[in-house]
Amino acid sequence: MNKKGVVVKKLANDFWVKCDNDVFVCKPRGTLKSSGIFVGDNVMITLDHTNTIDKILERKNLLIRPPFANLDQLIIVISPIPKPDFMIVDKLILFCYSHGIKPVLIVNKQDLSCELNSYVLNNYSTFIETAFVSAKTNENLTLLTQILKGHLSAFAGQSAVGKSALINSLFKNIKAVEGELSQKINRGKNTTRHCEIFYNNDFMIADTAGFTSLDENLLTIPYYELAFYYPDYNKYKQECRYSSCAHYNEPENDCKIKQLVKVDKLDKERYNRYRKLYESLEQRWVKTHG
């Protein structure tokens, strides 16, 4: 019998493949093992005495660190405590755009800071989906569930922002998953030896600690294309004097972004982070290309 499914767990040479409501432990056929099968891969399997993976279907994306395929969304979680590091937020958003992943910004513990809520509303909600929730009180968790519905998502963000608490709240009615997941994500540091996806009938969540922060080397964007990955800047790009404006070295009179930053129409802190990323990517480019 042939079935289509998604790889939800990989351990050594065994692959757990979810097909509708069933999960089968499978082995890769022939050369598939050497070509690489990743958690998140959509595959065709044959159910027989061995249960084999016959084919890997086309991927929408493939991440090497952490090793997942076909990630739909990255749920970037921040909170008032600890103080948000928006450089991490900006880099994660760039990572998403460069890999065909939808970024979603979630403010947890939202009841603790009106200032943070206002900053996110003014500077991020205009170009990415945002939500304000509380794992402690379960406020707006229904909204978060709707955001996750029908997608394979991963959670990202600094330590102690409440990623584990949110995930546990989402799975609290699934006892078989809750115990295993709770033990993993409450250890304080990641000791997982395999990749896995946790799921219910509505959504799937990739179990990974690889997005706590982001190694800048994973940003493969050339420095001269960085501006294209800022939707909040792109809508003003035609008002710059030059279509190739990088919003960096150009005189203020020629750059609409610089003008808007100067009069507080665009966030100065986000622009300064943009400049630091531009410089970092440019330095890496020079080292690599001479």
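Fair warning: this is a prediction, and the values are worked out from it, not measured in the lab.

1. Remarks on the overall build of the chain
Consideration 1: Tallying secondary structure elements over the chain gives nine helices and 13 strands in all.
Consideration 2: Residue burial in the chain is summarised as follows: out of 290 residues, 51% are buried.
Consideration 3: Here the contacts in the chain between residues at least 6 apart in sequence split such that 63% fall between residues at least 24 apart.
Consideration 4: Surface summary for the chain: the accessible area is close to 14700 Å², and the carbon and sulfur share equals 48%.

2. Focus: the packing of aromatic side chains
Consideration 1: Enumeration over the complete set of coordinates arrives at 15 aromatic pairs.
Consideration 2: Seen from their ring centres, tyrosine 248 and tyrosine 278 are 4.4 Å apart, and the 20° between their planes marks the pair as stacked. Separated by 30 residues along the polypeptide, tyrosine 248 in the loop between α7 (231–234) and α8 (256–262) and tyrosine 278 in helix α9 (residues 268–289) bring together distant segments of the chain. One exposure class covers both tyrosine 248 and tyrosine 278, and it is buried.
Consideration 3: Following the ring pairs from residue to residue traces out a cluster consisting of Tyr223, Tyr224, Tyr230, Tyr233, Tyr248, Tyr271, Tyr274, Tyr278 and Trp285.
Consideration 4: Over the aromatic face of tryptophan 16 sits the side chain of lysine 9, whose NZ or CZ is 4.6 Å from the ring centroid.
Consideration 5: In this structure, lysine 18 packs its charged tip against the face of tyrosine 199, placed 5.3 Å from the ring centre.

3. Let's talk about the pairing of strand β2 (residues 14–19)
Consecutive residues of a regular strand have side chains that alternate between opposite faces of the sheet.
Consideration 1: Across five bridges, the pairing between strand β1 (residues 2–11) and β2 is antiparallel. Across the sheet, the residue bridging to valine 7 is valine 17, located in β2.
Consideration 2: Linking two consecutive strands that pair antiparallel, namely β1 and β2, is a turn of two residues; a positive phi of about 60° is found at alanine 12 within it.
Consideration 3: Bridge analysis of β2 against strand β3 (residues 22–28) gives five bridges, and the strand direction is antiparallel. Within β3, the position partnered with phenylalanine 15 by the bridge is cysteine 26.
Consideration 4: Here β2 hands over to β3 after two residues, with aspartate 20 in that stretch at a positive phi of 55°.

4. Thoughts on the pairing of strand β8 (residues 73–78)
Consideration 1: Most of β8 sits inside the fold, with six of its six residues counted as buried.
Consideration 2: What you see with β8 is no split at all: Gln73, Ile75 and Val77 on one side and Leu74, Ile76 and Ile78 on the other are buried throughout.
Consideration 3: Direction of pairing for β8 relative to strand β9 (residues 102–107): parallel, over a ladder of six bridges. Bridge pairing in β9 places isoleucine 78 opposite valine 107.
Consideration 4: In this view, the connection linking β8 to its parallel neighbour β9 by way of helix α2 (residues 86–98) has right-handed handedness.
Consideration 5: Relative to strand β11 (residues 152–156), β8 is paired through four bridges, and the arrangement is parallel. Looking at the pairing, leucine 74 lines up with alanine 154 of β11.

5. Observations concerning the nonpolar core
Consideration 1: In this structure, Ile45, Ile53, Val120 and Tyr124 are the most contacted members of the largest nonpolar core, which totals 68 residues.
Consideration 2: Not counting residues within four places of it along the chain, the set of residues in contact with isoleucine 53 comprises Phe15, Val17, Cys26, Lys27, Pro28, Arg29, Leu32, Ile37, Val43, Met44 and Ile45.
Consideration 3: If you look at the next biggest cluster of nonpolar residues, it comprises 20 residues, including Leu141, Ile147, Val161 and Phe171.

6. Re the packing of α2 against α9
Consideration 1: Viewed as axis vectors pointing N to C, α2 and α9 meet at an angle of 65°, and their least axial separation amounts to 10 Å. Where α2 crosses over α9, the two elements pack in a sense that is right-handed. Of α9, the residues touching α2 (which contributes Phe86, Met87, Asp90, Lys91 and Leu94) are Arg270, Arg273, Lys276 and Leu277.
Consideration 2: In terms of residue class, the contact of α2 with α9 is made up of four nonpolar, no polar and five charged.

7. Some points on the confidence of the model for the chain
Consideration 1: Per-residue confidence for the chain averages 87 on the pLDDT scale, and 88% of its residues sit at or above 70.
Consideration 2: Per-residue pLDDT, averaged within each element of the chain, yields its smallest value for helix α6 (residues 175–185) (42) and its largest for α8 (97).

8. Looking at helix α4 (residues 141–148)
Since there are 3.6 residues in each turn of an α-helix, residues three or four apart along the chain are aligned in direction.
Consideration 1: The set of residues buried in α4 consists of Leu141, Leu144, Ile147 and Leu148. Burial along α4 is one-sided: seen end-on, the buried residues are contained in an arc of 110°.

9. As for the layout of surface pockets
Consideration 1: One number sums up the size of the second largest pocket: a volume of about 400 Å³.
Consideration 2: Taken together, 14 residues line the second largest pocket, and the ones lying closest to its centre are Lys83, Pro84, Phe86, Tyr119 and Glu269.
Consideration 3: If you list the elements that add at least two residues to the lining of the second largest pocket, you get α2, α3 (114–123) and α9.
Consideration 4: By residue number, the principal contributor to the lining of the second largest pocket is α9, which donates four residues.
Consideration 5: Here the lining of the second largest pocket is built from residues that sort into six nonpolar, two polar and six charged.

Conventions adopted
Residues numbered from 1 in each chain as written. Predicted model: local features only at pLDDT ≥ 70, side-chain atom pairs only at ≥ 80, totals over all residues. Heavy atoms only, no water. Helix = DSSP H or I, 4+ residues; strand = E, 2+ residues; numbered from the N terminus. Buried < 20%, exposed > 50% of the residue type's maximum accessible area, 1.4 Å probe, protein only. Contact = heavy atoms within 4.5 Å. Areas by Shrake-Rupley, 256 points an atom, 1.4 Å probe, with all protein chains shown as cover. Phe/Tyr/Trp six-rings, centres within 6.5 Å; stacked < 30°, edge-to-face > 60°. Lys NZ or Arg CZ within 6 Å of the ring centre and 35° of its normal. Pairing = 2+ DSSP bridges. Right-handed = clockwise from strand over helix to strand, strands pointing away. Core = buried A, V, L, I, M, F, W, Y, C linked by side-chain atoms within 4.5 Å. Axes fitted to C-alpha atoms, helices over the stretch in contact; angles between N-to-C directions. Left-handed = near helix turned anticlockwise from the far one by under 90°. Nonpolar A, V, L, I, M, F, W, Y, C, P; charged D, E, K, R; others polar. pLDDT = per-residue confidence, 0-100. Arc of directions from axis to C-beta. 1 Å grid on protein atoms, 1.4 Å probe; cavity = no way out; pocket = protein on both sides within 12 Å on 5 of 7 lines; lining within 4 Å. Points joined across faces, edges and corners; volume = space filled by probe spheres on them.

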